[in-house]
Number of protein chains: 2
Amino acid sequence: MAKVSREKWSKQFGEWFRETLISAEIMDYRYPIKGCGVWLPYGFQIRRNVFQIIRDILDATGHKEALFPLLIPETSLEKEAEHVRGFEAQCFWVTQGGQKPLKIKYALRPTSETILGPMLHLWIRAHTDLPLKLYQIVTVFRYETKATRPILRMREFDFKEAHTSHATAEEAEAEVKEEIENYKKFFDTLCVAYKISRRPEWDKFAGAVYTIAFDMLCPDGRTLQIGTVHNLGQNFSKAFDVTYEKPDGTHEHVWQTCAGISGRGIASVLITHGDDHGLVLPPKIAPTQIIVIPIPYKEKSETVNKKALEITEKLEKAGFRAKTDTREDITPGAKYYHWELRGVPIRIEIGPRDIEKNEVTIVRRDTLERETCKIENLGNELRVIMEKMALEMRREAWEWLEKHTYRTSNLEEAKQLIKERAGIIEVPWCGAPGCGQELEEIIDARILGTPEEEETQQEIDDKCILCNKTAKTLIRIALTY
Amino acid sequence: MAKVSREKWSKQFGEWFRETLISAEIMDYRYPIKGCGVWLPYGFQIRRNVFQIIRDILDATGHKEALFPLLIPETSLEKEAEHVRGFEAQCFWVTQGGQKPLKIKYALRPTSETILGPMLHLWIRAHTDLPLKLYQIVTVFRYETKATRPILRMREFDFKEAHTSHATAEEAEAEVKEEIENYKKFFDTLCVAYKISRRPEWDKFAGAVYTIAFDMLCPDGRTLQIGTVHNLGQNFSKAFDVTYEKPDGTHEHVWQTCAGISGRGIASVLITHGDDHGLVLPPKIAPTQIIVIPIPYKEKSETVNKKALEITEKLEKAGFRAKTDTREDITPGAKYYHWELRGVPIRIEIGPRDIEKNEVTIVRRDTLERETCKIENLGNELRVIMEKMALEMRREAWEWLEKHTYRTSNLEEAKQLIKERAGIIEVPWCGAPGCGQELEEIIDARILGTPEEEETQQEIDDKCILCNKTAKTLIRIALTY
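Residues numbered from 1 in each chain as written. Chains lettered and ligands numbered in written order. Predicted model: local features only at pLDDT ≥ 70, side-chain atom pairs only at ≥ 80, totals over all residues. Heavy atoms only, no water.

**Things to note about the relation of the copies chain A and chain B**
Between the two copies, chain A and chain B, the superposition gives an RMSD of 0.0 Å; the rotation angle is 180° and the shift along the axis is 0.0 Å. In the structure described here, the two chain copies are related by an operation that fits a two-fold rotation axis. Among all C-alpha atoms of chain A, that of A:Val94 lies closest to the rotation axis, at 2.1 Å. A symmetric contact is evident, with 100% of the interface residues of chain A recurring at the interface of chain B. (Least-squares fit on C-alpha atoms with pLDDT ≥ 70 in both. Contact = heavy atoms within 4.5 Å.)

**What about the side chain of B:His163?**
Residues and elements named next belong to chain B. Here histidine 163 shows up in strand 8 (residues 156-166). Of note is the side chain of histidine 163, whose polar atom sits 2.7 Å from the side chain of glutamate 161. Residues contacting histidine 163, with those up to four places away along its chain left out, are Ser112, Glu113, Leu116, Leu132, Lys133, Leu134, Thr257 and Cys258. (Helix = DSSP H or I, 4+ residues; strand = E, 2+ residues; numbered from the N terminus. Polar contact = N/O pair within 3.5 Å; in protein donor to acceptor, adjacent residues only side chain to side chain.)

**Notes on the packing of helix 3 (residues 41-60) of chain B against helix 7 (residues 169-189) of chain B**
For any two helices packed against each other, the geometry comes down to the angle between their axes and how far apart the axes lie. Residue and element names in this part refer to chain B. Put simply, helix 3 and helix 7 touch, their axes get as near as 10 Å, and they point 145° apart. In this structure, the crossing between helix 3 and helix 7 has a hand that is right-handed. On helix 7, the residues that touch Val50, Ile53, Ile54, Ile57 and Leu58 of helix 3 are Glu179, Asn182, Tyr183, Lys185, Phe186 and Thr189. Within the contact of helix 3 with helix 7, the residues separate by chemical class into 7 nonpolar, 2 polar and 2 charged. (Axes fitted to C-alpha atoms, helices over the stretch in contact; angles between N-to-C directions. Left-handed = near helix turned anticlockwise from the far one by under 90°. Nonpolar A, V, L, I, M, F, W, Y, C, P; charged D, E, K, R; others polar.)

**Quick word on the sheet that holds strand 17 (residues 346-350) of chain B**
Adjacent strands of a sheet form backbone hydrogen bonds with each other and so pair up, either parallel or antiparallel. Residue and element names in this part refer to chain B. A sheet is described by the order of its strands in space; here 5 strands give the open sequence 16-15-17-18-19, paired in mixed fashion. A strand with exactly one partner marks an edge of an open sheet, and here the two such strands are strand 16 (322-324) and strand 19 (370-374). The sheet shows a mean angle of 25° between the axes of neighbouring strands, taken without regard to direction. Of the pairings in the sheet, the one linking strand 18 (residues 359-364) to strand 19 comprises 5 bridges and is antiparallel in character. When the sheet's bridge partners are listed, valine 363 is paired in strand 19 with arginine 370. Each of strand 15 (290-294), strand 16 and strand 17 touches helix 11 (residues 332-341); the most contacted strand, strand 15, lies at about 170° to it. On top of the sheet, helix 13 (residues 378-403) reaches strand 15, strand 17, strand 18 and strand 19; it is set at about 10° to strand 18, its chief contact. (Pairing = 2+ DSSP bridges.)

**Considering the pattern of salt bridges**
The full count for this structure, using the stated rule, is 80 salt bridges over all chains. In this structure, B:Arg55 and B:Glu65 form a salt bridge, with 2.7 Å as the shortest nitrogen-oxygen distance. Of this pair, B:Arg55 sits in helix 3 while B:Glu65 is found in strand 3 (residues 64-65), placing the two residues 10 residues apart along the sequence. The residues B:Arg55 and B:Glu65 share a single accessibility class, namely buried. Each of the salt bridges in this network shares a partner with another, and the network as a whole consists of A:Arg199, A:Asp203, A:Asp215, A:Glu440 and A:Arg446. (Salt bridge = Lys/Arg side-chain N within 4 Å of Asp/Glu carboxyl O. Buried < 20%, exposed > 50% of the residue type's maximum accessible area, 1.4 Å probe, protein only.)

**What to know about the interface of chain A and chain B**
Contacts between chain A and chain B engage 53 residues on the former and 53 residues on the latter. In total, chain A and chain B occlude about 4,500 Å² of area from one another, counting both sides; carbon and sulfur atoms represent 65% of this. In this structure, B:Arg48 and A:Glu65 form a salt bridge, with 2.5 Å as the shortest nitrogen-oxygen distance. Where chain A packs against chain B, one counts 19 residue pairs in polar contact (both at pLDDT 80 or more). When contributions to the side of chain A that touches chain B are tallied by element, the ones reaching two or more residues are strand 2 (38-39), helix 3 (41-60), strand 3 (64-65), strand 4 (71-73), strand 5 (92-97), strand 6 (100-108), helix 6 (113-123) and strand 7 (132-141) of chain A. (Buried area = accessible area lost by both parts, 1.4 Å probe.)

**Examining helix 11 of chain B**
Residues and elements named next belong to chain B. Turning to helix 11, its buried residues are Lys335, Tyr336, His338, Trp339, Glu340 and Leu341. Packing partners of the buried residues in helix 11 comprise helix 2 (13-23), strand 15, strand 16 and strand 17. Once helix 11 finishes, glycine 343 follows within two positions and takes phi at roughly 80°, a positive value.

Rendered as structure tokens:
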């Protein structure tokens, strides 16, 4: 595989990401409010396709899409004590309607548990109302005081959030597993590699019993949280008095979960696959999957253009998202550059000699490998290539992640790896929160939590990296965004 | 046509609408903030389908979907003087981030012209950047002081807004015409009838040169504004200094339009077609187009259920959105009630005797007419029925609107018609704003404006209904929502 260099962007990742977002027309971040950006038409098309993937996955597991209001009365937000403590400092507050101060101020939703609360209280009556599995795709707001970054840390960003209510703790637990499987499917479709960790107690979602998080590794050695699933227990159902009548006539508070993926869902795919030429999009989410570029040659230009348009039309009829670039004021080379930057998975080049031989050249965006193909075989060949491409992109992402995941019992080595920005470090841990928090300070990195993947659930026979007591589990450490 | 009675709901329209929204699971309006409601899963599916229609229409005319931020710095909102005067009293204001007051307060978008302004200033440089035709589908916020009503007058509601920039006044003018054609297509697809009026000077969009509006007539004789198209001239481009370089090297401010359809786009279809049994949805937007109901009979129930599921599967494969209702705890009659309420266009009933004869009964939701159909012809027959249904629903809506549109030159008659809530009244007018505003007071109704339909553009030979001077045009008057 003749991969395009990613050396450069792995050293200057932040800059690469910011520049590519604007030059590939994904997001313009120059809006006059910090942390707010404009999704440009091309970026928005990718967004549409990514949203469709999550919709299909959630619809298939019986989640129903709904839409709840943006504004939260302060009186609602306050109902769950942990929750308000975690979020109030992060809220934008509406205090004024027209020229008048409001009697109760409203938060812009930072997340929606306290928006659903009063409605679930009205809706859920009997065990036959359960499970109730809802989701919505909305923008949420957090008054970030840290440095904001386009898509990665915004003050306004999209959120695909699922909220479920169940009759028993076991069912809520099973739902957490289902959400994890859903998110695995989602990121697998995006060809993104991830680690799944149970966040430590001191870093769970405000109001949750526990939090499971998906993290990816950025090329600069920092992890990015790209999805979370929370078991809420009865914390919110008690706060909002959401109960159901059991078959025996007694009442019980429902058991709840919630889960969310932000705009980082899209960032994850751009970051994982991009290279020095720009974006590389998996065919499934590419707004244009195939760009056909006629190579004009003197008096034959018109014939070539016509053939290119004809091929595109056939591909469209066969179900591909294909386009011809017939612009006359720029060279084929400039067109290659234009579409490579935007990550179009397949380029087809066609010139007068190709037409004579009844063939075209196919170029894969991820490897830039070229091959010729008879025009009559084009549909089938492209289907094979796109499937192969997705498989290889996924495999490559996983190989890279595994290569940058380290396991050590040696504190100095762990420190050194973090210092070198090597990736994710797994170390043995006694399980005491004190030890965990001290570890974060000593290593100057964050604890992602304990591995949640089944294959890493085995017992470990080791000592805690810090206190030397018997280790209970592995714990993951990394620099984080 | 044996239409279901609409007598009742035309007298108690408000109540009917509110009750149907909740019982048919469109919107729950009991959220603890006035003017904010929850789109329930069934309503949300209709919304998805309606949004798809407008997306397809706008995509086809070269509008590109983007997404702009929600928050507007007060300094941006203030830039266009008329605009801020029109909107500032209607804004929700964010004044606080976390515990701290913000230096500049932010409005929640009541509309987005002043959000696009600073970005267009950055994007548009040369005549080759024009025309720039964008749209977005978002929620907007207006601090309504009037009585709010679900979907009809909300404080948070969805907005499908187009924003375009052009090189010349003529191109902007042509774009207004294109937007009008787009909206005609949209409402035609929803089988909704409308009048298109040029709003009087004193009722145009704040900051526009002129405003063209689509109004529908509700069964209670009040009109509802369901779509608007505005020619903005250079008002906003001057305020935000959006210029382009012409081929000759000089600079000029761009010419702009904007257009929008709110959640009332969905309301319009529910209101136009609903009856005493509930909603009636045109097949194109119905989440379920066909509901198959097995009529069980003793030991044959299982065979019937199996056949029903088999038919549904075949219909789905043929591209219909079909569903079987196999619930065992309720009667077929209760199922009819359930799906009629939700407006499912076609019901198929199948019992043991139908199976013997290899046929089913088809029931159209709008007329409740029944017919039998051989199972092997079902797909074709349903396609024909659905097309016919849409045509007849549209025709019926137009007939109703025309029947309730009156023309008179007699002031007393006009007054009387308004008093009787008869509908839309067209009267001759001299064109003087004073006369128009006086007319509004005397008749105690609103002026919708002058007819914009081509077929009503003819000259009129009459005297102004108020001042008796020569009339320039017709003007429409109605009670409005």
